[in-house]
Amino acid sequence: NATKQNLGTISISGGATTPTITVGSNITADSISIASSHTFSPGGNTITLATNGTPFTVTGTFTDGTSTMVFTGGAATTIPATTYYDLKIQPGTNSVTHTLGAGTTIVERDVTFGNGTNTGIVIAGNTNNTTLSVTRNLTIATSTTFQANASNELALGGNWTNNGTFTHNSNT
């Protein structure tokens, strides 16, 4: 079966040891929570988080490997500041805002904002105290607006593809 079942809520917590959970294939889940002293390692797989709110909570360790994290929530969603290998923020419905969380978000390879299909998509980097550092490429898809933080750095090491709208907010 080519269609992956949604695994629902995944909580990596509990126990007397400090486990590392490693994913062996691509998965879709509503949310993933990594508790203190626990580790989540998706390897080279794609992890799709399909709900809104705060679908990814990291108080433990997220070892990004060569994974792709995809956020597809259909309503307001907060993307936590952490290190990602590839990051795709692609809301699943029209007129949705996904907000970058406070802190530094590092993308070791590529970031894509929007999916080019849904309209009225806003990726808000200006709401929280967000610094965004992308090692390679940043793509803003059609019908997507990326709002940068006014006082924190937006660093890009590769190509900039803007098929949507970029609001710099006087960012450097």
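We now turn to the structure provided with this report. Being a predicted model, the structure only gives us computed values, none of them experimental.

**Some remarks on unusual backbone geometry**
- The backbone phi angle of S37 is positive, close to 70 degrees, even though this residue is not glycine.
- Note on placement: S37 falls in the loop between strand 4 (31-34) and strand 5 (39-41).
- Here S37 falls in the partly exposed class, since its relative accessible area comes to 47%.

**So, the environment of T78**
- By secondary structure assignment, the location of T78 is in strand 10 (residues 77-79).
- Judged by its relative accessible area of 31%, T78 is partly exposed.
- Considered as a pair, T78 and H98 are 20 residues apart in the sequence and their alpha carbons are 5.8 Å apart.
- T78 has contacts with G53, T54, P55, T99 and G101, leaving out every residue within four places of it along the chain.

**Digging into the side chain of S67**
- The residue S67 is located in the loop between strand 8 (61-62) and strand 9 (68-71) in this model.
- Residue classification places S67 among the buried residues on the basis of a relative accessible area of 1%.
- In this structure S67 touches P42, G43, G44, N45, F62, Y85 and D86, once residues within four positions along its chain are discounted.

**Some details on the pattern of salt bridges**
- Here the structure, examined in full by the defined rule, presents 3 salt bridges.
- Measuring nitrogen to oxygen at the nearest pair gives 3.1 Å for the salt bridge that ties D86 to R109. Of this pair, D86 sits in strand 12 (residues 86-89) while R109 sits in the loop between strand 14 (103-107) and strand 15 (111-113), and the two are 23 residues apart along the sequence.
- Of the residues examined, D86 reaches a relative accessible area of 8% and is grouped as buried.
- Overall, R109 belongs to the partly exposed group, its relative accessible area being 27%.
- Two residues, D110 and R136, come together in a salt bridge whose shortest N-O distance is 2.9 Å. With a gap of 26 residues between them, D110 in the loop between strand 14 and strand 15 and R136 in the loop between strand 17 (130-134) and strand 18 (138-140) connect regions that are remote in the sequence.

The rules behind the values
Residues numbered from 1 in each chain as written. Predicted model: local features only at pLDDT ≥ 70, side-chain atom pairs only at ≥ 80, totals over all residues. Heavy atoms only, no water. Helix = DSSP H or I, 4+ residues; strand = E, 2+ residues; numbered from the N terminus. Buried < 20%, exposed > 50% of the residue type's maximum accessible area, 1.4 Å probe, protein only. Contact = heavy atoms within 4.5 Å. Salt bridge = Lys/Arg side-chain N within 4 Å of Asp/Glu carboxyl O.

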